[in-house]
Amino acid sequence: MRIKILALACACATFTGATAARSSEIIRTPAYVWSGDTITQGVYMATAPSDTVIVSTYSAQPGYYMGIDKTWRLKNDISGYPRLITPNTLHRAIYNMGLDEMVNAVEPDTTLRTGKEWAGVWTRDVSYSILLSMAYMQPEATRISLMKKIDPLGRIIQDTGSGGAWPVSTDRMIWAVAAYEYYLVTGDRQWLETIYPIIKKSLYDDRDSRLYADDSGLVRGETSFIDWREQSYPKWMQTADIYRSEALGTSVVHAQAWTVLSKIADILGHKKVSADAASQARKLSDAINNVLWNEEKGYYDMFRYGRDNLIANPRAETLGESLAIVWDVAGNDRARTITEHNPVTPFGSAIFFPQIADMPAYHNNALWPWVGAWWAIANAKAGNEAGTLQAIGSVFRPAALFATNKENFNLDNGDIATELNSSNMLWCLSGNLAITHKILFGIDFTEKGLAFHPFVPEAMNAVRTLENFNYRGVRLDITVKGYGDSIASFTVDGHRQEPLISVRQAEKNRGRKLKIEIVMADKPIAPMQINEVANVKAPLTPIARLNGNMLEWQPIEYVDTYVIVRDGQRADTVHTTVYDASLPGEYQVIALSDKGIEGFASEPVSTRPAKWFDIPGERTDMDSEEIVYKPTYSVAGYKGNGFTETDHIASTLTIPVEVDAAGDYFISFRYANGNGPVNTENRCAIRTLVVDGNDVGTVVMPHRGRANWSDWGMTNSLKVPLTAGKHTLLLELRPYNENMNRESNHALVDGVRLERR
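Now for a description of the structure that goes with this document.

Counting its regular elements, the protein contains 15 helices and 47 strands. The C-alpha radius of gyration computed for the protein amounts to 27 Å, which stays within 12% of the reference 27 Å derived for 757 residues, consistent with globular compactness. When burial is assessed residue by residue, the protein has 63% of its 757 residues classed as buried. In the protein, 72% of the contacts between residues at least 6 apart in sequence involve partners at least 24 apart. Of the roughly 27000 Å² that the protein leaves accessible, carbon and sulfur atoms contribute 48%. Looking at charge distribution, the protein has the averaged site of its 76 positive side-chain charges lying 4 Å from that of its 88 negative ones.

Reading across the sheet, the six strands line up as 2-3-4-5-6-7 and stay open at both edges, with antiparallel pairing between neighbours. Every other strand in the sheet has two partners, leaving strand 2 (25–28) and strand 7 (71–73) as the edge strands with one partner each. Here the strands of the sheet are splayed against their neighbours by 15 degrees on average, with no regard to which way each runs. Where strand 6 (residues 53–56) and strand 7 come together, three bridges link them in antiparallel fashion. Bridging across to strand 7, Val53 finds its partner in Arg73. Each of strand 3 (33–35), strand 4 (38–41), strand 5 (44–50), strand 6 and strand 7 touches helix 1 (residues 89–105); the most contacted strand, strand 5, lies at about 85 degrees to it.

Glancing now at the pairing of strand 31 (residues 550–553). Residues Leu551 and Trp553 point to one face of strand 31 and are all buried, whereas Met550 and Glu552, pointing to the other face, are not buried. Sheet analysis places strand 30 (residues 544–547) next to strand 31, joined by four bridges and oriented antiparallel. The residue bridging Asn547 from the neighbouring strand is Met550, located in strand 31. The hairpin turn running from strand 30 into strand 31, its antiparallel successor, is two residues long, and Gly548 in that turn takes a positive phi close to 70 degrees. Direction of pairing for strand 31 relative to strand 34 (residues 578–580): antiparallel, over a ladder of three bridges.

Judged by nonpolar contacts, the single largest core of 192 residues is most densely connected at Ile199, Tyr300, Trp370, Trp374 and Ile478. What Ile478 contacts, discounting residues up to four positions off in sequence, is Phe441, Ile443, Phe452, Arg464, Thr465, Leu466, Phe469, Ile516 and Ile518. The next biggest cluster of nonpolar side chains, apart from the first, holds 25 residues, and it includes Ile615, Val657, Ala685 and Leu729.

Turning our eyes to something else, we now look at helix 5 (residues 189–208). Structural remark: α-helix, 3.6 residues per turn; residues separated by three or four positions point the same way. Across its 20 residues, helix 5 extends 28 Å between first and last C-alpha, which sits within 8% of the 28 Å expected from 1.5 Å per residue. Along its length, helix 5 reaches its greatest deviation from straightness, about 30 degrees, at Ile195, and the proline Pro197 lies no more than four positions downstream. Those residues of helix 5 lying buried are Trp191, Leu192, Ile195, Tyr196, Ile198, Ile199, Ser202, Leu203, Tyr204, Asp205 and Asp206. Residues of helix 5 that are buried sit in contact with helix 3 (139–147), helix 4 (174–186), helix 8 (248–268) and helix 9 (271–292). Looking at where helix 5 begins, the residue whose side-chain oxygen comes 3.0 Å from the main-chain nitrogen of Gln190 is Asp188. Arg210, located one to two residues past helix 5, shows a positive phi value of around 60 degrees.

Within this structure, the stated rule accounts for 40 salt bridges. The shortest N-O distance in the salt bridge between Asp660 and Lys611 comes to 4.0 Å. You can see Asp660 sitting in the loop between strand 40 (652–659) and strand 41 (663–672) and its partner Lys611 sitting in strand 38 (residues 610–613), a full 49 residues away along the chain. Residue classification places Asp660 among the exposed residues on the basis of a relative accessible area of 69%.

Looking at where Thr715 falls in the secondary structure, it is placed in the loop between strand 44 (713–714) and strand 45 (718–722). Considered as a pair, Thr715 and Ile667 are 48 residues apart in the sequence and their alpha carbons are 9.1 Å apart. Not counting residues up to four positions away in its chain, the partners in contact with Thr715 are Ala240, Ser668, Phe669, Tyr671, Val699, Val700 and Met701.

What follows concerns the packing of helix 4 against helix 8. Packing of helix 4 against helix 8 leaves a shortest axis separation of 8 Å and a crossing angle of 45 degrees. By the angle class used here, helix 4 and helix 8 are oblique. Note on packing geometry: the crossing formed by helix 4 with helix 8 is left-handed. Where helix 4 approaches helix 8, its residues Ile174, Ala176, Val177, Tyr180 and Tyr183 are matched on the opposing element by Val253, Gln256, Ala257, Val260, Lys263, Ile264 and Ile267. The residue inventory of the contact of helix 4 with helix 8, partitioned by class, reads 10 nonpolar, one polar and one charged.

Before going further, it helps to spend a moment on the packing of helix 8 against helix 9. Relative orientation of the contacting elements helix 8 and helix 9 amounts to 160 degrees, with a least axis distance of 7 Å. As far as their axial angle goes, helix 9 and helix 8 are roughly antiparallel. Crossing geometry of helix 8 relative to helix 9 is assigned as left-handed. Where helix 8 approaches helix 9, its residues Leu248, Ser251, Val252, His254, Ala255, Trp258, Thr259, Leu261, Ser262, Ala265 and Asp266 are matched on the opposing element by Lys271, Val273, Ser274, Asp276, Ala277, Ala278, Gln280, Ala281, Leu284, Ser285, Ile288 and Leu292. Of the residues belonging to the contact of helix 8 with helix 9, the class tally is 13 nonpolar, seven polar and three charged.

Turning our attention to the environment of Pro167. On the secondary structure map, Pro167 appears in the loop between helix 3 and helix 4. Separated by 534 residues in the primary sequence, Pro167 and Met701 place their C-alpha atoms 9.9 Å from one another.

Moving on, we come to the side chain of Ser224. Following the sequence through the fold, Ser224 ends up in the loop between helix 5 and helix 6 (229–232). Judged by relative accessible area, Ser224 falls into the buried class, the value being 1%. If near-sequence neighbours (up to four positions away) are discounted, Ser224 is found in contact with Tyr128, Asp171, Gly249, Thr250, Val253 and Leu319.

What follows is about unusual backbone geometry. Omega for the bond connecting Trp166 with Pro167 falls within 30 degrees of zero, at 5 degrees, which places this linkage in the cis form. A cis amide bond links Phe353 with the next residue in sequence, Pro354, at an omega value of 0 degrees. Residue position: Pro354 is located in the loop between strand 16 (352–353) and strand 17 (355–356). Located in the positive-phi region is Asn365, a residue other than glycine, with phi close to 50 degrees. You can see Asn365 is positioned in the loop between strand 17 and strand 18 (366–367).

Definitions and limits used
- Residues numbered from 1 in each chain as written.
- Predicted model: local features only at pLDDT ≥ 70, side-chain atom pairs only at ≥ 80, totals over all residues.
- Heavy atoms only, no water.
- Helix = DSSP H or I, 4+ residues; strand = E, 2+ residues; numbered from the N terminus.
- Rg over C-alpha atoms; globule rule 2.2 N^0.38 Å.
- Buried < 20%, exposed > 50% of the residue type's maximum accessible area, 1.4 Å probe, protein only.
- Contact = heavy atoms within 4.5 Å.
- Areas by Shrake-Rupley, 256 points an atom, 1.4 Å probe, with all protein chains shown as cover.
- Lys, Arg positive; Asp, Glu negative; His and termini not counted.
- Charge placed at Lys NZ, Arg CZ, Asp CG, Glu CD.
- Pairing = 2+ DSSP bridges.
- Axes fitted to C-alpha atoms, helices over the stretch in contact; angles between N-to-C directions.
- Core = buried A, V, L, I, M, F, W, Y, C linked by side-chain atoms within 4.5 Å.
- Expected span 1.5 Å × (residues − 1).
- Bend = angle between axes of the 7 residues up to and from the residue.
- Polar contact = N/O pair within 3.5 Å; in protein donor to acceptor, adjacent residues only side chain to side chain.
- Salt bridge = Lys/Arg side-chain N within 4 Å of Asp/Glu carboxyl O.
- Parallel < 35°, antiparallel > 145°, perpendicular 65-115°, else oblique.
- Left-handed = near helix turned anticlockwise from the far one by under 90°.
- Nonpolar A, V, L, I, M, F, W, Y, C, P; charged D, E, K, R; others polar.

Honestly, it's all geometry; don't read function into it.
Laid out in structure tokens, this is it:
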């Protein structure tokens, strides 16, 4: 990958091209150009004859099931929302399309619909949308939608996800950040009283369930929003392996949720909780920086994965990198470094990079505009003008060419030919609006009031006005003149003041209109780099097996270099497809391309001896009332004489074990869970493991297929020090182990495996 410095005043700049010779050109990449009121991509173009119409000539991939509307025309009354006045007609039209589709997204019950093809309120979708712009654009729908995602136990709901939702998917805590944003918008103290116990219970349940890894301090579970396991993880990874992994994006979300809990507790006078939450937030932030930061790449690793020993997946993951910048996990220096090193393709920053070669486009090999909006906000905060412009283009290009705020786009060609797609997508239209409000006008809701810090690239130099912007009952007409990242003057009704409408100032002027004028300093922003790359596919994942003491794998096409990993550490580099694994350990193989791009590591295989223990009282029948999908045939495939059921009634399993020598042992259980499909629903079985009376961690038994009770797999493993001799293992269902379903927390357990390290 090469780093290219982009001088915004240089006519030869690849990505920005904002010059006197081409004064109407705003953004240029190898894929498209935004010039004046038109975006051109090859033979296709989109233009705005007025601020209520967008006309496109784009034709989607032939044969693709989902067609496109080539024209957008305003359908709804948007006069009650902030009006954008700017010389660029296309910008006005894209903004107005966001407002138009926002109106479409408000359901009759005043909840926010996820997308044209996606009904209902989803925790992560609505929360990210609220944070981008819905908190202040649709405050009532925000409040109602958030409360739709609380269960009868007073917990935040984790939407259905891999293996039965929580705790395989663990990003529900984004709800807490969105709920606090609603408070910053409204100042509603009663709302704080409502959300405080919800956020506290949800975070404490996560902590009590040992969702935070003891060794790394990171959050276990799936990468936030990237919830199709085969789209972002190696094929060998089971959903129990995904629970065992530790992701950047989800860890950043949890760090910010703890920060939010600390702030709310402080406001409400719960000083002990506030201090505890602040400490937890610091620990998580430190863990992210100490464990996931990749000094060689200049950004954070996407996640850590494996079985008994975790290794880094050194891909860049744009949402996680962005949130680390926006929420100050990265710090100023690393924020700048990330924006200069995160790979940028001609269509924009990928969901992650590099791509998985044998997976179609959806999360893999794709750009999602709402993630592009977060990337734009992060670049603006880091002061990266070239990166901000490119990110804005990655949102505005598809909005114009497809005449709607689509869900996602193929990174190879910018088309909508992906596994699933939707028009009128809530978080994408929210990101569209956020670019105008939060970057070009610099609007920021804070505890002190409404702050302003516009970031206007020189290529977008103009006089812009946002009329009728509501802040706590005050109507604001906001004008920003000029360009740059610093304010020369800030006036309210002609009087100079700091760039803030304080809470008190808003209260004094409730029911009035204030005129804000922001004059930028018109000073060039210090040039920074962006990492311009072609879209790259990583090598395929080796399939490695043991043949005696020899580790063997099939050759990968166009690859002649393989990295050998032993117990999570890189042990060797070879140019063959065989390796001597006689030294005991857990082995993996990584294929490395001639350009240094590495794929996923192979499934771990262990040469260490393991010991198996049956569970007392095994049987061959099932009689739990918590069985949701009954088998159509007898359960088969178990070891020994049978299996044991565990549910709310049989909530504790006792397993005596004996080991010959003292040492660290990896403990895991063979289980079956046919109460749901692999990719959805919410009946993941969860238990606390107790060894000789001491809690040592959480055992997770995710779905393995609807009614598929003969499909046995291994749980996550837990490392436990044991002395030589006899020990007692308990699997217990604790109150904080309740899953999202609540009625069914059920699985079959075949036995326990102990492997000495």
